[in-house]
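# Notes for the structure review
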Amino acid sequence: MRLPILLVRALLPGVLLVLLAAGPATGDEDPVGVWPLRPQPDVIAHFDPPSSPYGPGHRGVDLAGRSGQRVHTALGGTVTYAGPLAGRGVVVVSHGDTRTTYEPLSASVSVGDTVDQGTVIGTLQLVGSHCAPRACLHWGWLRGETYLDPLRLVGAGPVRLLPLWRDEPVARSPGRAPLRLPYDTWRPLAW
Ligand SMILES: [Zn+2]
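Residues numbered from 1 in each chain as written. Predicted model: local features only at pLDDT ≥ 70, side-chain atom pairs only at ≥ 80, totals over all residues. Heavy atoms only, no water.

With an unreviewed UniProt entry as reference, the chain is termed M23 family metallopeptidase, source organism Nocardioides bizhenqiangii.

## Brief notes about the coordination of the zinc ion
For clarity, the threshold we go by: Shown as donors are all N, O and S atoms within 2.8 Å of a metal ion, widened to 3.2 Å for Na, K and Ca; because water is not in the atom set, sites may appear incomplete. Any site counts as irregular unless it has four donors with all angles between 85 and 135 degrees, making it tetrahedral, or four or six donors with opposite ones more than 155 degrees apart and the rest between 65 and 115, making it square planar or octahedral. The buried label applies to any residue whose accessible area, calculated with a 1.4 Å probe on protein chains only, is under 20% of its type's maximum; exposed applies above 50%, and partly exposed to all values in between.
Each protein donor to the zinc ion is listed here as H58 (NE2), D62 (OD), H130 (ND1) and H138 (ND1); together their distances run 1.9 to 2.1 Å. Coordination at the zinc ion is tetrahedral: its four donor atoms span angles of 98 to 123° at the metal. Mapping the donors of the zinc ion onto the primary sequence yields the spacing H-x3-D-x67-H-x7-H. Each member of the pair, H58 as well as D62, carries the same accessibility label: buried.

## A closer look at the sheet that holds strand β3 (residues 70–72)
Using the following cut-off: At least two DSSP bridges between two strands are needed for those strands to be called paired. Here a strand is any run of E in DSSP of at least two residues, a helix any run of H or I of at least four, and the numbering for each starts at the N terminus. Axis lines are fitted through C-alpha atoms, for helices just across the contact stretch, and the angle between N-to-C directions can take any value from 0 to 180 degrees.
Spatially, three strands are ordered β3-β9-β7 in an open sheet, and the strand pairing comes out antiparallel. Of all strands in the sheet, those bounded by a partner on one side alone are β3 and β7 (105–107). Mean inter-strand twist for the sheet, computed between neighbouring axes without regard to direction, equals 40°. Relative to strand β9 (residues 120–124), β3 is paired through three bridges, and the arrangement is antiparallel. Note on β9: the bridge partner recorded for R70 is T123.

And the structure:
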């Protein structure tokens, strides 16, 4: 049966042209950011995507810090939220189709500010810490309403993309108690 082979040969140049016209695939690559705390902090709690939009989980990572420590934006962008929210300070920086969130902190930027990667956006607070009584920065990354692992921005997250929304609860390490955090049910409303 030679016809399919002939067809493929006939169509292949066109396919290659389309691929060349599309250029290198950049859409799936993560942007390269910087750690929000310096020096590079320990990760106290990893990303644990919720099994449903309202389900429990950890919608970001917790980075060890100290109260008053300067917080830097991981990526350049525009500040779209800066101020108190439900009792703790929050800053959100938008970067095109994604945005990073930082809390709890005392914001030193205002909505509408343009910030470069690494710009100081505030100082870490203790009130509202996910690691109380210790201070830590809860760092989130979202595309639309989908939570992403912010460690991917600094090359420390999983290399392979995994589905974030699943029908089944996310598997946990055997013997490890489910991670319950004060803000299990927290989610951004208007960002
Ligand atoms: Zn957290």
